[in-house]
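# Examining the three-dimensional arrangement
Chain by chain, the residues:
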Amino acid sequence: MQGKPNKATEHLIQSYLNGFRQGLFPMGTPNSRNGVDWYLAKRRGIIPLSNFRFPRRLRRTARRHEIVGTVDRDFRTVVNHCADRETGWINDRIAFLFTELHRAGIAHSVEVRVEGRIVGGLYGTAVGGVFSGESMFSLFPSASQFALLHLVDRLKTGGFQLLDVQFKTEHLERFGAIEISSHQYMRLLQRALMVKASFPVHPSTESTASVLQRISQTS
């Protein structure tokens, strides 16, 4: 946390938290640098933490490369990479919002590194026992998937109950993502918001091999 935010920023953060507690999530307005739209999906994507799966082929990749995960080391770099797409929803206003949430200790990033260089990552927000994943990127094969692995490992250890991914995709389905109704989501959300979870919970740097070994021992 870097100093106390001004009143405008405090209002922005509080508006986000109010929307979050109602099951809403923000996305940048198409073709606008500063417009923000709020969404309440009729069907919501989540990854049940007890049902998380990590493909065997990616385990082989982890053995061939010295892949490490870090947390909150380069938040804005992760956001910038996630925004660097021809079509996307991360405009200037969204980037500013989540940067301020990060400064307030609410938004977090997971970076994946090979030989010290960032090759992938993700970011999202942690409120109570809920983590809402916002976006991910890869500059190295499957790097965003390793970021997800590190995230889930930390969420489990930190006592989180709900990993919201907003939309179920074929990509996320391979890791255990399911789709539930907005009514079901709100029930899970309200329950998880009352949990006192902690993020991050591991050392700031950890090897992917160590995380995979821990998962293998507990699965």
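Computed from a predicted model, the values in this text were never measured in an experiment.

Packing of helix α3 (residues 75-83) against helix α4 (residues 92-103) brings their axes to within 10 Å, and their N-to-C directions diverge by 155°. One finds that α3 runs roughly antiparallel with respect to α4. Classified by chirality, the crossing of α4 by α3 is right-handed. Contact residues: α3 offers Phe-75, Arg-76 and Val-79, while α4 offers Ala-95, Phe-98, Thr-99 and His-102. In terms of residue class, the contact of α3 with α4 is built from four nonpolar, two polar and one charged.

Further remarks concern the packing of aromatic side chains. Two numbers describe a pair of aromatic rings. These are the distance of the centres and the angle of the planes. Enumeration over the complete set of coordinates arrives at 13 aromatic pairs. Relative to Phe-175, the ring of Phe-54 has its centre 6.2 Å away and its plane inclined at 55°; by these criteria the two rings are tilted. Placement of Phe-54 in the loop between β3 (43-46) and α2 (56-64) and of Phe-175 in the loop between α6 (170-173) and β9 (178-181) is noted, with a sequence separation of 121 residues between them. Between the aromatic rings of Phe-75 and Tyr-123, the centroid separation amounts to 5.7 Å while the plane-to-plane angle is 75°, which identifies the pairing as edge-to-face. You can see Phe-75 sitting in helix α3 and its partner Tyr-123 sitting in strand β6 (residues 117-127), a full 48 residues away along the chain. For the pair formed by Phe-75 and Tyr-123, the shared burial category is buried. In this structure an aromatic cluster arises from ring pairing among Tyr-16, Phe-20, Trp-38, Phe-75, Phe-98 and Tyr-123.

Within the secondary structure, Arg-53 is located in the loop between β3 and α2. C-alpha of Arg-53 to C-alpha of Glu-173: the two residues are 120 residues apart in sequence and 9.3 Å apart in space. Those residues in contact with Arg-53 that sit more than four places away from it in its chain are Glu-173, Arg-174, Phe-175 and Gly-176.

This brings us to the sheet that holds β3. Pairing is mixed across the open sheet formed by eight strands, whose spatial order is β9-β3-β8-β7-β6-β5-β4-β10. Each edge of the sheet is formed by a strand with only one pairing partner; in this case those strands are β9 and β10 (205-207). The sheet shows a mean angle of 35° between the axes of neighbouring strands, taken without regard to direction. In terms of strand pairing, strand β5 (residues 107-114) meets β6 through eight bridges, oriented antiparallel. Paired with Val-110 across the strands is Leu-122, a residue of β6.

A separate point is the side chain of Ser-135. Relative to the assigned elements, Ser-135 resides in strand β7 (residues 130-138). Taking the relative accessible area as the measure of exposure, Ser-135 reaches 9% and is therefore buried. Once residues within four sequence positions are removed from consideration, Ser-135 is found in contact with Cys-82, Arg-85, Trp-89, Ile-90, Gly-121, Leu-122 and Tyr-123.

With that out of the way, let us pick up α2. When α2 is considered as a whole, its buried residues turn out to be Leu-58, Arg-59, Thr-61 and Ala-62. Along the axis of α2, the buried residues cluster in a sector spanning 160°; they form a single face. Facing away from the buried surface of α2 by more than 90 degrees, the exposed residues are Arg-56, Arg-63 and Arg-64.

Counting residues in each nonpolar core, the largest one holds 34 residues, and the members touching the most others are Leu-148, Leu-151, Leu-163 and Phe-199. Secondary-structure elements contributing two or more residues to this core are α2, β4 (67-71), β5, β6, α5 (143-158), β8 (162-166) and α8 (208-218). Looking at this core, the element that brings in the most residues is α5, giving eight residues. With near-sequence residues (within four places) excluded, Leu-151 lies in contact with Val-110, Leu-122, Phe-131, Leu-163 and Phe-199. Counting residues in hydrophobic clusters, the runner-up holds 33 residues, among them Leu-17, Ala-41, Phe-75 and Ile-118.

Following the sequence through the fold, Ser-142 ends up in the loop between β7 and α5. By relative accessible area, Ser-142 is classed as buried at 16%. The contacts of Ser-142, once residues within four sequence positions are left out, are Arg-57 and Leu-58.

Quick notes on the rules
Residues numbered from 1 in each chain as written. Predicted model: local features only at pLDDT ≥ 70, side-chain atom pairs only at ≥ 80, totals over all residues. Heavy atoms only, no water. Axes fitted to C-alpha atoms, helices over the stretch in contact; angles between N-to-C directions. Helix = DSSP H or I, 4+ residues; strand = E, 2+ residues; numbered from the N terminus. Parallel < 35°, antiparallel > 145°, perpendicular 65-115°, else oblique. Left-handed = near helix turned anticlockwise from the far one by under 90°. Contact = heavy atoms within 4.5 Å. Nonpolar A, V, L, I, M, F, W, Y, C, P; charged D, E, K, R; others polar. Phe/Tyr/Trp six-rings, centres within 6.5 Å; stacked < 30°, edge-to-face > 60°. Buried < 20%, exposed > 50% of the residue type's maximum accessible area, 1.4 Å probe, protein only. Pairing = 2+ DSSP bridges. Arc of directions from axis to C-beta. Core = buried A, V, L, I, M, F, W, Y, C linked by side-chain atoms within 4.5 Å.

Scope: geometric values only; no functional claims are made or implied.
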